[in-house]
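Each chain is listed here by its residues.
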Amino acid sequence: MNMILRRLSRAATAGLVAAAALTAAAHSAEAADTLGSAAAGQGRYFGTAVAAGHLGEADYTATLDREFGSVTPENEMKWDATEPSRGTFTFTSADRIVDHAQSRGMDVRGHTLVWHSQLPSWVGTLGASDLRTAMKDHISGLMGHYKGEIHSWDVVNEAFQDGGSGARRSSPFQDKLGDGFIEEAFRAARAADPAAKLCYNDYNTDGVNAKSTAVYNMVKDFTSRGVPIDCVGFQSHFNSNSPVPSDYRQNLQRFADLGVDVQITELDIEGSGSAQAADYTKVVQACLAVERCTGMTVWGVTDKYSWRSGGTPLLFDGNYAEKPAYDAVLSALGGSGGPGEPGGPGEGTATCTATYTRTADWDGGYNGEVTVTAGSEPIGSWTATVTLPARQSVSALWNGTAAFNGNVMTVRPSWNGALAAGTSTTFGFTVTKNGSDAAPAVGACTAS
Ligand code: G3I
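An account of the accompanying structure is given in this report.

Conventions we followed
Each residue is numbered by its place in its chain's sequence as written, counting from 1. Reporting in this predicted model follows two pLDDT cut-offs: at least 70 for local features of residues, and 80 or more for side-chain atom pairs to be given and counted; totals over whole chains, interfaces and linings ignore these cut-offs and use all residues. The side-chain figures draw on all heavy atoms in the structure; neither hydrogens nor water molecules are used. For every residue, the accessible area (1.4 Å probe, protein chains only) is compared with the maximum for its type, and the residue is labelled buried under 20%, exposed over 50%, or partly exposed between those bounds. Per the convention used, a helix needs a DSSP run of H or I reaching at least four residues, while a strand needs a run of E reaching at least two, with both numbered from the N terminus. A strand pair is defined by DSSP finding two or more bridges across the two strands. We define proximity as follows: a residue is near a molecule or strand when any one of its heavy atoms falls within 4 Å of that partner. For the purposes of these results, a polar contact is taken to be a pair of N or O atoms within 3.5 Å, where, inside protein, one atom must be able to donate a hydrogen and its partner to accept one; residues adjacent in sequence count only when each atom of the pair is a side-chain atom. Each accessible area is a Shrake-Rupley result for a 1.4 Å probe, and residues are judged covered by the shown protein chains and nothing else. In this classification, the charged set is Asp, Glu, Lys and Arg, the nonpolar set is Ala, Val, Leu, Ile, Met, Phe, Trp, Tyr, Cys and Pro, and all remaining amino acids, among them Gly, are polar. For every element, the axis is a line fit to its C-alpha atoms; helices are fit only across the contacting stretch, and the angle between N-to-C directions ranges from 0 to 180 degrees. Look down the strands so they point away from you; if going from the first strand over the helix to the second traces a clockwise path, that crossover is right-handed. Throughout, a residue-residue contact means that at least one pair of heavy atoms, one from each residue, lies within 4.5 Å. What counts as a disulfide here is a pair of cysteine sulfur atoms lying within 2.5 Å.

1. Regarding the pairing of strand β3 (residues 107-115)
Here is step 1: For β3, the tally of buried residues reaches eight of nine residues, placing the bulk of the element in the interior.
Here is step 2: Here two bridges tie strand β2 (residues 70-73) to β3, and the two strands are oriented parallel to one another. Bridge pairing in β3 links serine 70 to aspartate 107.
Here is step 3: Looking at chain direction, β3 and strand β4 (residues 152-157) are connected through five bridges and run parallel.

In structure tokens:
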């Protein structure tokens, strides 16, 4: 597809996306039983980093599609991925993520335009004047491709050193263009896509310290001189060496007071159980306490694909089961919690029933169908569990999204959550028998 057609089709899709997002928000205002819908209820987005290479994995996309309202390509929009040789742009992997997100009504964060890392080697060989041109061309080429489709861009990433000096980090940009490269990048970004929020993004800037103060002083200078900047991203990679700072909220607030939005852009917290859950709660509460904290992004869907997988830092474990940290985040966002919890499925008087039928059968597998029927009151959403006999596995599911915990499949609606009193919907699934022809057990249906 040539570029003009590509852009036209991207723009048409973006129009559909706005409608889809509105529908999702309207529905989720009733249910608020996912991270994205609960955050939307607080006027925030809740997103995740996504890797294009995992989109073919059913559990990955089911969890992504069910829970998140925003995606950040984890590596696919970086310079080495998008302009590996000068002037030759490749958007295949990034497009895959953007198309997936848009078709499901999710927003997209752009990450990242100018960064010292994941930089193709040709950039480092350029002289100052050529480098300035190449930087601006990269910004206009990448932002131009997604013009109007990205809610926030990390324009410059990690330009400050760690430690007490507050100095800039050495990079081809810093070393050859000086401090002014950041301002030049922001001005070029504003010209390339005036609708996108332009962010500066960094790590170890989450509390008040020398590094965050150096960034603060830069943002203050930019806003006082009219350099276009709209937001500051706080990566928030935490572990025992770098815990959630006690002055996190205060630090977010001091940036917000400069007149910019703040966003938590790459959140992950190593640990497990209630301690990890408590740390996640602190982060969510800090963001919610700052009016200009517009959203949070966790740096991955599942522990098994995290850049720090050994530290199990995310909200879903390697089997996509919700961890205590997930419950804590959902609860801190004012979501409806798990079955039987206040405001959650099973709370209140709405009821539903679930019945199972085998609709097709062959040597190696079968199709099952579950009919969900609302009781004597209308329901906004439902959850049904299907327990598979040993050895069997699910290879496909339709009219629902599934989360697996061992052999228990928890199904939630994809589009068919709301049911009038006494009416029904169905979801279906294909099972691989692996030598077992036993029937699955359908557990309780919970309504909300
Ligand atoms: O795709 C290649 C694969 O073909 C090759 O076989 C393999 C061998 O090492 O490497 C694969 O590329 C890796 C890439 O992730 C995709 O998995 C790179 O080596 C690896 O360096 C890269 O790591 C990424 C890292 O940024 C690079 O700096 C992480 O996935 C990504 O999560 C991480 O994200 C950064 C943010 O962009 C900025 N803030 C910090 C954050 C965590 O480091």
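Further notes follow.
2. Re the site of the ligand
Here is step 1: In the region of the ligand, 14 residues are neighbours, and Glu74, Lys78, His111, Glu158 and Glu266 sit closest.
Here is step 2: Between the ligand and the protein, one listed contact pairs an oxygen atom with a side-chain N or O atom of glutamine 118 at 3.3 Å.
Here is step 3: Across the complex, the protein chains shield 45% of the 780 Å² of accessible surface that the ligand would expose by itself.
Here is step 4: Along the lines of polarity and charge, the residues of the shell around the ligand split into three nonpolar, seven polar and four charged.

3. Comments concerning the sheet that holds strand β10 (residues 352-362)
Here is step 1: Spatially, four strands are ordered β10-β11-β16-β13 in an open sheet, and the strand pairing comes out antiparallel. Looking at the sheet topology across the chains shown, the edges are occupied by β10 and β13 (393-398). Pairs of neighbouring strands in the sheet enclose a mean axial angle of 25°, with direction left out of account.
Here is step 2: Summarising the sheet, β10 and strand β11 (residues 365-374) pair through 10 bridges and their orientation is antiparallel. Bridge pairing in β11 links aspartate 361 to tyrosine 366.

4. As for the pairing of β2
Here is step 1: Neither face of β2 is left uncovered, since the one carrying Ser70 and Thr72 and the one carrying Val71 and Pro73 both have all their residues buried.
Here is step 2: As judged from the four bridges shared by strand β1 (residues 45-50) and β2, these two strands associate in the parallel manner. Across the sheet, residue threonine 48 finds its bridge partner in β2, namely valine 71.
Here is step 3: For the handedness criterion, the β-α-β arrangement of β1, helix α3 (residues 58-67) and β2 is classed as right-handed.

5. A look at the environment of valine 114
Here is step 1: Its place among the elements puts valine 114 in strand β3.
Here is step 2: Between the C-alpha atom of valine 114 and that of asparagine 157, which follows or precedes it by 43 residues, the distance is 6.3 Å.
Here is step 3: In this view, valine 114 contacts Met135, Ile139, Val155, Val156, Asn157, Phe173, Phe181 and Ala185; residues no more than four positions away in its chain are not counted.

6. A look at the state of the cysteines
Here is step 1: The tally for this structure, following the rule as stated, stands at three disulfides.
Here is step 2: Each disulfide pairs two cysteine sulfurs, and for cysteine 199 the partner residue is cysteine 231, the sulfurs being separated by 2.1 Å. Looking down the S-S bond of the cysteine 199 and cysteine 231 bridge, the torsion is -85°, so its handedness is left-handed. Within this pair, whereas cysteine 199 is found in strand β5 (residues 197-202), its partner cysteine 231 is found in strand β6 (residues 231-234), the two being separated by 32 residues in sequence. Side by side, cysteine 199 and cysteine 231 carry an identical accessibility label, which is buried.
Here is step 3: Two residues share a disulfide in this structure: cysteine 352 and cysteine 445, whose sulfurs sit 2.1 Å from each other.

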